[in-house]
Each structure stands twice: as C-alpha cells, then as structure tokens.
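Inside the fold
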Amino acid sequence: MEPSVKKKILTVDDSRTMRDMVSFTLRAAGYDVVEAPDGQAAMTAIAAAKVDLVITDLNMPVMDGLTLIRKLRAIPTHRSLPILMLTTEADEKKKAEGRSAGATGWIVKPFNPDKLVSVVQKVCG
Amino acid sequence: MDDLSRFKQTYFDESAELLAVAEAGLLRLSPGDVDMDEVNAIFRAVHSIKGGGGAFGFSDLVAFSHEFETVMDEVRNSAIPVTTELVDTLIRANDVLAQMLAYAGEGVDAPPGATDDTVAALRHALAASGGGGTASAAPQTPPPATSAVNDDEDDEAGIFGDAMAAINAARDSEAPSPPPADRVRWTIVFRPKSDLLLSGNEPAYMLRALRRLGDAEIVCHLDDLPKLADLDAELLHLSWTITLTADAEVGRERIDDVFEFVADECDIQITADAPLPAVIAPPPKRDAPPNTPPALSESALVPPGATAAKTDGTAKPRGAGTNGGPGTNGGSGGGEHAGLTTHTIRVDLDKIDRLVNMVGEMVITQAMIAEHLRDVPPGQFQELQEGLEQLAQHTRELRESVMSIRAQPVSSVFSRMPRLVRECAALTGKEVQLATSGENTEVDKTVVENLVDPLTHMIRNSIDHGLESPDERERMGKPRAGTVHLSAQHRSGRIVIEVTDDGRGINRAKVLSKAIEKGLVQPGASMTDEEIDHLIFLPGFSTADQVSNLSGRGVGMDVVRRNISSLGGRIGVYSTPGEGSRFVLSLPLTLAVLDGMVISVGEERFVLPLTNIVESLRPKPADLHGLVNKCDVIMARGEYVRLVHLHRLFGIPKAIDDATKGLVVLVETEDGSRLGLVVDEVLGQQQVVIKSLESNFRRLDGVAAATILGDGRVALILDVAGLREMSRHSGDSASGGGRSPAPALPAPKSESRQRQTV
C-alpha cells in the first residue's frame with residue numbers, strides 16, 4: 001500500500017530555543033518540520049515548498065507574525081492553510097487580533113508538548 | 001516537559017546573546033533620539049528570554065522579565081518617555097535579568113528580594129507614565145468574537161471555530177485525492193488586472209480553453225467585488241483558482257499558451273501538485289511570483305534525458321510522488337530546504353580544544369620523524385623525505401584551519417566597553433566619547449576572553465587619569481567631550497590593540513617624584529621620558545592623589561601588564577603632555593602553536609618565533625663595531641643594530657662568542673626596532689607547540705614559553721622584545737648588572753629531564 005507522506009509543518013520563531021522545542025516535539029510525533037526565524041523567511045520557505053501547517057510566533061524582527069498571517073491569507077492558495085499562532089499568555093486582545101488576521105488557532109507558550117501535538121493533529125491530521 | 005530539558009543549554013546560550021543585544025540597544029537608547037527598531041529588538045529579547053524561561057519553569061525569572069517586558073512594551077508604544085533615568089533603570093533590569101539567568105543556570109533559587117528594588121524602579125517608571133500600563137488595564141473592547149461555530153479552546157490552546165470550519169470546507173471541496181496515474185493536477189491562480197476587459201480580452205474564453213485541456217474545477221473569488229454602488233461595470237473585479245487535472249502529455253507550455261496574450265496584465269501562478277513533478281518549464285518572460293516553486297533550480301537539476309521529455313510536455317505524473325520511495329522525497333526535499341539551510345553549526349568548545357590538542361601532538365610527532373630522518377644521508381629514502389615535507393605542509397594547514405575555528409572577532413570584548421565608558425563618565429562627571437575601529441579583527445577565543453579585564457582597566461584609567469574635566473578641557477581649547485579610541489589590527493602575526501585618549505598625557509614630573517617617594521627609583525637617576533612613562537607599570541604604583549573609586553580598586557597598571565604578559569603579550573605606553581596617551585597592547589594570535597626557527601647556543605636549543613625574524617647572516621669583521629663600555633653593534637643593510645650575545649645573557653658555557661664565527665639572526669619587534677642575536681647555529685624551521693612556562697615552572701625574562709622538540713628536549717621560546725629590555729639593562733656584559741637577570745638554565749634543564757621521560 002501507499003506509505004503515508006509526512007505532513008510538513010513550518011515553525012516560525014525568532015527564538016532558536018522555541019524553534020528547537022517545537023521541531024523536536026513535532027518530529028517526535030511523526031511530522032516533517034522546517035524552520036524560519038521571521039515572517040519574511042517564512043514566506044520564502046512557503047514559496048519554496050508546500051507546507052501543511054504554519055506555527056508562528058507573533059513578535060519577530062523583519063516581519064511579525066500577524067503580518068505573516070495577513071500576507072498568507074491574501075494569497076488565494078493559502079486561504080485555507082492552517083496557521084496556529086504561539087502567544088506568550090492567554091491574551092484576549094492578541095487572540096482577537098490573530099483571529100481577524102486569519103489565524104486558525106492559538107497555543108500559549110510555554111506549551112505542553114502533548115497539547116501542541118493534539119492541537120496540531122486537530123488542524124492538519 | 002522533561003523531554004524539553006535538553007534545550008536548556010540552547011536557551012542559556014541564546015539568552016546570553018539576547019542579553020548582549022538588549023544591553024547594546026539600551027546603551028544606544030538616548031532621550032530625544034529613540035530608534036523604534038532598537039526598542040523593538042530590546043523588547044523581543046526580553047520577551048524571548050521570558051518565553052523560554054516559562055518553558056523550563058523558571059518562575060522567578062519569568063516574573064521578573066514580565067515586569068521588564070511590560071515597561072519595554074510601554075516604551076515601544078511611546079507611552080513612557082525615554083529619560084536618562086529610565087535608561088539607567090532598564091540597564092539595571094538587564095543586569096538583574098542576567099543574574100536571574102545565572103541563578104537558573106546553576107539551578108538555584110534567587111535570594112529572596114533580589115529583584116525587589118529593580119521591580120520597584122520599573123513599576124515606578126510605569127507609574128510615571130501616568131497610564132499604569134495597558135498591560136495591566138483590561139483589554140479595550142476586543143472585537144467581539146462572532147463566530148458561527150463555537151471556538152474549541154481551553155486555557156492553553158484554542159482553535160477559532162469559524163476558521164476551522166472554513167478549513168474543513170475548503171478541504172472537502174479540494175478533495176485532495178491523488179489524481180489517477182498518468183494525470184497531473186495543476187493549480188492555476190488567475191488574477192487579472194482590473195482593466196483586462198478594456199484591452200478586449202475575455203477571461204471566460206481562457207477558462208474554457210483550460211477546460212479543453214482536461215477536467216477543470218474553477219473557483220471564482222469575489223473578495224474584491226465592490227458594493228453595487230461602487231461597481232464600475234467596465235472593470236474586472238474577479239479572480240479565479242482553477243484546479244486542472246490533465247493528461248500527463250499536457251505540458252506547462254499548453255497552459256501558458258492559454259494566457260499568452262494576457263500574461264503581462266495578469267498575476268498568474270501555475271503550480272503542479274506537490275510533490276513537484278520532475279520537470280517544470282520556467283515561467284516564460286515573467287518574474288517568478290513569490291510563491292511559485294523554484295522551478296528554475298529544479299529543472300536545472302534534471303538530467304539531459306528528462307529535459308528532452310520536458311519539451312514533449314510529458315511532465316511526470318504526481319502519482320510517482322505519492323507512492324514514490326524515499327529517494328523521490330529526498331530529492332525534492334533538498335530543493336525545498338534550500339532557502340533554510342544554515343551555514344553554521346554550534347560545537348562544544350571542549351571538542352575544539354581536543355582537536356587543537358591533537359593537532360599540537362601531531363606537530364610534535366611530525367617534528368620527531370623529521371628529527372630521525374635528519375641523520376639519513378641525502379639522496380636516500382627520497383620518497384619518504386618528500387612525503388614528510390608534504391606532511392609538514394598539511395600539518396601547518398590543518399593547524400591554521402583549527403586555529404581559525406577558535407578565532408573570534410574582538411568585537412565581543414569591544415562591545416562591552418560603551419557601557420563601561422558610560423559608567424565611568426557618570427562617576428567622574430566627565431564627558432567621554434568612545435570610538436572603536438577594527439572590531440572584526442579575529443584572535444583566539446582565549447585571548448579574546450582574557451582581554452576583558454586589562455581593557456576594562458585601561459579604559460577606566462584613561463578616563464579617570466587621562467581625560468580632563470569638561471571645564472578644564474574648554475579652557476585648554478579642547479572639545480568638552482574627551483575621546484577614547486579603541487582599535488585592533490593584525491601586525492606581524494600578532495594582534496595589536498591600542499587605547500588612545502586625547503587627555504592631558506602622563507605627568508612625568510609627578511610620576512617620577514612618586515616613584516622616588518616609593519623607592520622605585522633612586523633620586524637623581526637620569527631617565528628618558530619613555531622610561532618614566534613606563535614606571536606606571538611597576539607594582540605598587542599609583543599616581544592619583546586620592547584613590548578614586550574608579551581606577552583605584554587595588555589594581556594598578558602592573559596587574560594589567562601581568563595579565564597581558566601571561567598571554568604572551570606586551571604593553572607599551574606613548575604619551576605627549578597636553579595631547580594624550582596611547583597604550584599599545586600586542587598579543588599573539590594563538591596560544592597553542594607557532595612557527596619557529598630552532599637555533600643553538602652552546603648545548604642549548606632555543607626557538608625564535610618566525611614572525612620576529614628578518615634574516616640571518618654571518619658578519620664579516622668589518623661589519624662589527626664595538627662601542628666603548630657599551631654594546632657591540634653590527635652594520636646590517638645600512639643600519640646599526642645592537643648585538644646581543646645570547647650565551648652572555650643566559651650564561652651558557654661553551655658557546656661561540658665571536659659573531660664572525662657564529663651567526664647573527666636579525667630580529668624585529670612589533671614596534672619595528674631591530675636586534676642582532678649572536679647564535680652558534682640555525683638548525684631549521686619548525687612548528688612548535690607552545691607550553692606555558694608559567695604554569696609549569698615560572699616566568700623568565702626574555703622567554704615567552706617553552707616547547708618540546710622532536711628529540712624530546714625542552715627548548716625555550718625566546719621573547720624578542722624581552723631580550724631587548726634585558727640587553728639594554730645588562731649592557732650585554734655577562735649576566736650581571738641586569739635589573740632582573742634571567743637565571744642560568746639549570747632549573748629548566750632539570751625540568752626538561754623530567755619532561756623527557758613523560
């Protein structure tokens with residue numbers, strides 16, 4: 001039978017520690033992970049390869065997370081690309097901003113690895 | 001969460017970098033000239049430290065960084081004005097944060113109340129803004145989350161119901177079932193400019209043409225459709241996404257044909273369904289839109305046979321990707337990651353040090369083999385000799401590569417100095433500008449690290465003792481602000497660092513009287529200006545009338561000199577009264593290996609650093625001149641050079657005294673002064689591994705370090721500038737009369753015997 005192709009997840013964060021932790025957790029859960037340090041690099045990465053899910057930090061140099069979400073949503077092919085945002089605390093204002101920018105959901109960091117995996121599974125299978 | 005503890009080291013490393021970024025940013029932050037990018041960078045640094053700290057459960061650290069972050073947030077929202085007081089508070093907060101990180105790194109709790117003062121100051125700053133901070137205020141009417149579907153959320157994560165519903169709907173409609181074999185699924189995003197219709201083109205025809213190529217599923221996007229009242233009937237407000245499943249022989253160019261006449265007036269993105277087919281023709285005469293696959297690079301990788309297939313339009317069907325083996329995936333994966341490849345890796349320093357050690361041992365082994373082969377008559381074992389020469393060459397290259405791994409730009413030290421200058425200026429009430437140059441000069445990591453203390457002290461010294469007060473400077477016609485210039489450069493295989501100030505220069509009368517008072521100099525001694533200036537390096541010397549709490553912390557320039565010489569370096573001072581002083585540090589680039597020339601004097605072997613050697617010559621009697629009661633000089637290349645008999649200096653018996661019978665090695669110090677060393681013989685060039693004499697024995701004048709030669713003997717590596725000093729004071733007449741004559745060699749020799757057995 002056909003071997004299932006690994007889903008590819010792009011994690012966008014200017015913090016190396018965070019990227020490492022997200023990548024490690026998701027790779028352990030069987031996902032393929034690529035990384036980008038800011039929104040601009042994320043746009044390049046998405047143009048270069050199809051990704052199934054984007055997990056982005058909000059505060060980043062060059063291009064912040066909300067701008068990244070808006071830019072992606074402006075491209076028709078990425079209108080239904082799941083995008084999760086990592087926020088530092090359960091901040092209603094941030095969540096509302098993310099929602100109106102077009103985010104699919106949010107995860108509070110520090111995240112619980114199991115929680116991260118379960119949310120990721122919900123949005124991209 | 002235990003799984004994540006492996007990232008702690010990454011976190012601490014990254015946090016150290018972030019702290020440095022924040023500190024540099026804070027130091028540049030000045031009232032009235034606020035660079036918002038800088039402020040944002042500081043905010044992000046604190047934010048990232050907090051975020052990671054939370055992941056590892058460092059609750060004290062998180063609590064404190066939250067306070068810090070809140071203030072930074074207000075600064076970047078321009079809710080708090082940037083004042084000198086605020087900057088001071090923030091710099092203090094950055095220090096406390098560093099402290100908290102240190103506690104976390106050691107796994108201990110911060111002492112209770114450690115952050116209280118700083119937190120109070122931060123809150124005070126926040127209160128001063130009058131707002132109390134939006135962070136603590138309730139969020140102002142967030143747009144009500146009106147979603148048709150309930151959000152799926154808890155405290156830690158959530159999914160916006162409507163967003164998820166939209167994705168599911170899109171997924172269902174996309175029905176991403178793989179296309180049947182032999183067929184390719186194309187996704188075409190067709191966004192015509194609004195004036196397309198004015199040029200007589202009809203998008204509907206193009207859509208029909210696409211239909212003729214295969215099964216087309218067409219989605220029309222109405223997002224840009226204006227309200228009826230605003231609608232201009234002559235303009236086009238629609239865009240389309242077409243999913244075309246076509247036979248494999250329908251190539252990209254057939255699709256391009258459809259848009260042939262409108263390509264310039266539309267935004268068209270054509271992608272084959274991922275994974276990428278083996279061949280995609282590059283888009284004709286258009287700049288690739290940002291989110292098309294890197295078609296050019298992909299097709300460039302295709303072997304010639306496949307390129308031929310491309311012209312037939314037989315793109316490889318997607319099926320190959322879905323059930324293809326890892327080979328297919330790996331191949332496309334390489335291209336996909338191209339934009340993300342990092343060109344650096346982080347390596348544990350221990351590993352590099354082990355490598356450096358091994359290279360050192362290899363250098364010794366190579367020298368040992370060379371030593372054994374020296375006795376072989378020339379012409380024999382020709383190939384072995386040649387091989388050995390190559391080995392020597394490779395060893396040298398290997399050594400240089402390894403050393404370059406350890407090399408670091410001095411900017412990591414220089415970047416700490418602005419803060420120091422700021423503090424010193426504040427403490428002394430002087431106005432100081434710091435200028436730096438050559439920050440990118442690279443030098444061994446150990447050298448860089450050991451530069452911090454000496455440079456700190458020298459800069460303090462320059463500001464405290466060198467620079468005048470602003471008023472005094474004004475009276476003298478100088479700008480109110482004094483300048484301290486810090487520079488680094490490579491010279492003669494060493495790194496030379498200079499600290500220059502435009503202050504009052506060294507007060508020689510005061511220095512001399514102080515030295516006499518302390519018994520360091522005999523009253524009435526005649527000394528040159530240079531010699532007087534160098535008195536400040538003597539132990540127990542301090543000129544400040546009152547010990548200020550800046551420079552006078554119990555360390556003097558003698559400590560600086562000791563630190564520098566323990567690194568194999570030297571320090572000198574050049575001063576002009578009224579105009580300023582210049583301190584010059586010269587240090588070796590590496591502390592591990594050097595290229596040396598082995599020379600013999602009597603029974604002893606010495607190593608001269610190659611970088612010091614100008615030439616060696618056998619003088620004719622006519623070249624030698626004796627100065628009465630002084631030293632001998634030699635005429636070399638039209639210049640008189642002082643001769644130094646090494647055997648006299650070190651008291652070595654049975655050595656050649658007559659320079660015309662031995663050899664003279666002409667050497668040069670970093671400051672350009674020359675010296676002729678009288679030796680018995682020059683044995684040859686060799687890389688030697690530097691073994692510290694101080695850590696194994698003790699410091700000797702005129703000797704920089706020791707090494708082990710190929711035959712297992714210990715040889716001393718000579719310090720040319722040190723030799724010059726010794727010869728100047730001893731007058732080269734035997735070893736007596738010198739200020740601190742080097743002991744004759746029995747002690748190191750006995751050590752050498754021990755070492756031989758090791």
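Every chain is numbered independently, its residues counted from 1 as its sequence is written. Think of it this way: whatever chain is written first is A, whatever ligand is written first is 1, and the rest follow in order. Only residues with pLDDT of at least 70 get local features here, since the model is predicted, and only at 80 or more are side-chain atom pairs given and counted; chain-wide, interface and lining totals rely on the full set of residues. Computation of side-chain values: all heavy atoms of the structure, hydrogens and water removed.

**Describing the overall build of chain B**
Counting secondary structure elements, chain B contains 25 helices and 24 strands. Taken across its 758 residues, chain B has 44% of its residues classed as buried. Note on contacts: a residue pair qualifies if any of its non-hydrogen atoms lie within 4.5 Å across the two residues. Restricting to contacts in chain B with at least 6 residues of sequence separation, those with at least 24 account for 69%. Here the accessible surface of atoms and residues is derived via Shrake-Rupley with a 1.4 Å probe, and residues count as covered only by protein chains that are part of the display. Counting every atom, chain B has about 38,100 Å² of accessible surface; 51% of that belongs to carbon and sulfur. Working definition: helices are DSSP H or I runs of at least four residues, strands are E runs of at least two. Numbering for both runs from the N terminus. Partly exposed describes any residue whose relative accessible area lies between the buried limit of under 20% and the exposed limit of over 50%, with all areas from a 1.4 Å probe on protein chains only and scaled to the type maximum.

**Quick word on the pattern of salt bridges**
Residue and element names in this part refer to chain B. When a carboxyl oxygen of Asp or Glu lies within 4 Å of a side-chain nitrogen of Lys or Arg, that pair is called a salt bridge. By the definition in use, this model includes 33 salt bridges over all chains. One salt bridge connects Arg419 with Asp95, and the closest N-O pair in it is separated by 2.4 Å. Within this pair, whereas Arg419 is found in helix α16 (residues 417-428), its partner Asp95 is found in helix α4 (residues 84-106), the two being separated by 324 residues in sequence. When its relative accessible area of 14% is taken as the criterion, Arg419 is described as buried. The partner of Glu423 in a salt bridge is Arg419, and the shortest N-O contact between them spans 3.3 Å. Separated by 4 residues within a single helix, Glu423 and Arg419 lie in helix α16, roughly one turn from each other. The network of salt bridges with common partners includes Glu23, Asp95, Arg419 and Glu423.

**Quick word on the sheet that holds strand β21 (residues 674-679) of chain B**
Adjacent strands of a sheet pair through backbone hydrogen bonds, lying either parallel or antiparallel. Residue and element names in this part refer to chain B. By the convention used here, strands pair only if DSSP detects at least 2 bridges between them. Taken in spatial order, the 6 strands make up an open sheet running β16-β20-β21-β19-β18-β17, and their pairing is mixed. In the strand order of this sheet, the two ends are held by β16 (613-617) and β17 (624-626), each with one partner. Strand after strand, the sheet turns through a mean of 30° between neighbouring axes, direction not considered. Of the strand pairs in this sheet, β16 and strand β20 (residues 663-668) are connected by 4 bridges, and their pairing is antiparallel. The partner of Glu615 across the bridge, within β20, is Leu666. Axes, fitted as lines to C-alpha atoms, cover a helix only where it is in contact. Angles between the N-to-C directions of the axes lie from 0 to 180 degrees.

**Quick word on the sheet that holds strand β4 (residues 214-221) of chain B**
All names here are of chain B. Strand order in the open sheet formed by 4 strands is β4-β5-β3-β6, and the pairing between neighbours is antiparallel. Taken across any chain shown, the strands that pair with only one partner, and hence form the sheet edges, are β4 and β6 (266-272). Direction aside, the axes of adjacent strands within the sheet are offset by 15° on average. Across 8 bridges, β4 lies against strand β5 (residues 239-247) in antiparallel orientation. The partner of Asp215 across the bridge, within β5, is Thr245.

**Remarks on the packing of aromatic side chains**
All names here are of chain B. Stacked, edge-to-face and tilted labels apply to pairs of Phe, Tyr and Trp rings (six-membered ring for Trp) whose centres lie within 6.5 Å, assigned for plane angles under 30 degrees, over 60, and everything in between, in that order. The final tally for this structure, using the stated rule, is 10 aromatic pairs over all chains. Note on Phe56 and Phe58: the rings are 5.9 Å apart at their centroids and 40° apart in plane angle, and the pair reads as tilted. For the pair shown, Phe56 and Phe58 are each scored as buried. Ring plane angle 20° and centroid distance 5.5 Å describe the contact between Phe606 and Phe650, whose orientation is recorded as stacked. Residue Phe606 is located in strand β15 (residues 604-609), and its partner Phe650 is located in helix α22 (residues 646-650); the two are separated by 44 residues in the primary sequence. The pair formed by Phe606 and Phe650 is uniform in burial state, with each residue classed as buried. In this analysis the charged atom, NZ for Lys or CZ for Arg, is taken to sit over a ring once it is within 6 Å of the ring centre and within 35 degrees of the ring normal. In this arrangement the basic side chain of Arg76 is found over the ring face of Phe43, its NZ or CZ atom lying 3.8 Å from the centre.

**Thoughts on helix α5 (residues 113-124) of chain A**
With 12 residues, α5 of chain A extends 16 Å from end C-alpha to end C-alpha; this agrees with the ideal 16 Å at 1.5 Å per step. We call two N or O atoms a polar contact when they sit within 3.5 Å, provided that within protein one can donate a hydrogen and the other can accept it, with sequence-adjacent residues counted only if both atoms are side-chain atoms. One side-chain oxygen at the N-terminal end of α5 of chain A lies 2.8 Å from the backbone nitrogen of Asp114 of chain A; it belongs to Asn112 of chain A. Every helix has an expected span of 1.5 Å times one less than the residues it contains.

**Quick look at the UniProt feature "modified residue: Phosphohistidine" (unreviewed entry) in chain B**
UniProt positions are given in the numbering used here, feature names are shortened, and annotations may be inferred rather than shown by experiment. Mapped onto the present numbering, the UniProt feature "modified residue: Phosphohistidine" (unreviewed entry) falls at His47 of chain B. Along the chain, His47 of chain B falls in helix α2 (residues 36-55). What makes His47 of chain B buried here is its relative accessible area of 6%. If we skip the residues at most four places from it in the chain, His47 of chain B touches Asn59 and Thr88 of chain A together with Glu69 of chain B.

**Notes on the side chain of Arg252 of chain B**
With respect to the element layout, Arg252 of chain B can be found in helix α8 (residues 252-258). A polar contact is formed between the side chain of Arg252 of chain B and the backbone oxygen of Ile270 of chain B, at a distance of 3.5 Å.

**Here we look at the nonpolar core**
Core analysis: the largest hydrophobic core is formed by 62 residues, its most contacted members being Leu26, Ile55 and Val120 of chain A together with Leu61, Phe64, Phe68 and Leu90 of chain B. Among the elements that make up this core, the one with the highest residue count is α4 of chain B (10 residues). For our purposes a nonpolar core is just a set of buried Ala, Val, Leu, Ile, Met, Phe, Trp, Tyr and Cys residues, chained together by side-chain atoms within 4.5 Å. Core analysis: the next-biggest nonpolar cluster, separate from the first, contains 44 residues, Leu486, Ile506, Val521 and Phe541 of chain B among them.

**Observations regarding the UniProt feature "modified residue: 4-aspartylphosphate" (unreviewed entry) in chain A**
Residues and elements named next belong to chain A. Mapped onto this numbering, the UniProt entry annotates "modified residue: 4-aspartylphosphate" (unreviewed entry) at Asp57. Residue Asp57 is classed as buried on the basis of its relative accessible area, which comes to 2%. Discounting chain neighbours no more than four positions away, the residues touching Asp57 are Val12, Asp13, Asp14, Gly65, Leu86 and Lys109.

**Let's talk about the confidence of the model for chain A**
The predictor's confidence in any single residue is recorded as pLDDT, a number from 0 to 100. On average, residues of chain A carry a pLDDT of 84, and 94% of them reach 70 or more. Ranking the helices and strands of chain A by mean pLDDT puts strand β1 (residues 8-12) of chain A first, with 93, and helix α4 (residues 92-101) of chain A last, with 81.

**Things to note about the packing of helix α1 (residues 16-28) of chain A against helix α1 (residues 8-28) of chain B**
At their nearest, the axes of α1 of chain A and α1 of chain B sit 8 Å apart, and the two run at 155° to each other. Judged on the interaxial angle alone, α1 of chain B and α1 of chain A are roughly antiparallel. Contact with α1 of chain A, carried on its side by Arg16, Thr17 and Asp20 of chain A, involves Thr10, Tyr11, Asp13, Glu14 and Glu17 of chain B of α1 of chain B and no other residues of that element. Between 65 and 115 degrees an angle is taken as roughly perpendicular, under 35 as roughly parallel, over 145 as roughly antiparallel, and anywhere else as oblique.

**Description of the pairing of strand β14 (residues 593-601) of chain B**
Residue and element names in this part refer to chain B. Of all 9 residues that make up β14, 9 are buried, and the element is covered over most of its length. One ladder, built from 8 bridges, connects β14 with strand β22 (residues 681-689); its direction is antiparallel. Looking at β22, one finds that Ser600 is bridged to Glu681. The pairing of β14 with β15 spans 6 bridges and is classified as antiparallel. Looking across to β15, one finds that Val598 is bridged to Val607. Between the end of β14 and the start of β15, which pair antiparallel, lie 2 residues, with Gly602 showing a positive phi angle near 60°.

**Quick word on unusual backbone geometry**
Peptide bonds are trans in most cases, and residues, glycine excluded, mostly fall at negative phi. Residues and elements named next belong to chain B. A positive phi is found at Ser78, a non-glycine position, where the angle reads about 60°. Residue position: Ser78 is located in the loop between α3 (59-76) and α4. On the basis of relative accessible area, Ser78 is assigned to the exposed category, the value being 55%. One non-glycine residue, Arg637, lies in positive phi territory at about 50°. Inspection of the secondary structure assignment puts Arg637 in the loop between β18 (632-636) and β19 (639-645).

**Quick word on the environment of Asp35 of chain B**
All names here are of chain B. Along the chain, Asp35 falls in the loop between α1 and α2. Linking Asp35 and Arg76, residues 41 residues apart in sequence, is a C-alpha distance of 9.6 Å. Only 3.0 Å separates the side chain of Asp35 from the backbone nitrogen of Asp37, close enough to count as a polar contact.

**Topic: helix α14 (residues 382-406) of chain B**
Spanning 25 residues, α14 of chain B covers 37 Å between terminal C-alpha atoms, matching the ideal 36 Å at 1.5 Å per step. Buried residues along α14 of chain B sit in contact with α13 (349-374), β7 (407-409), β9 (442-444), α17 (445-466), β14 and β22 of chain B.

**Considering the pairing of β1 of chain A**
Residues and elements named next belong to chain A. Of all 5 residues in β1, 5 are buried; the element is thus mostly enclosed. Here β1 shows two buried faces, one formed by Lys8, Leu10 and Val12 and the other by Ile9 and Thr11. Alignment of β1 against strand β2 (residues 32-36), held across 5 bridges, turns out to be parallel. What sits directly across from Lys8, in β2, is Asp32. Each parallel crossover has a hand, and the one from β1 via α1 to β2 is right-handed. In terms of strand pairing, β1 meets strand β3 (residues 53-57) through 4 bridges, oriented parallel. Each residue of the ladder has a partner; that of Leu10, found in β3, is Val54. When the strands point away from the viewer and the connection leading from the first strand across the helix to the second strand turns clockwise, the crossover is called right-handed.

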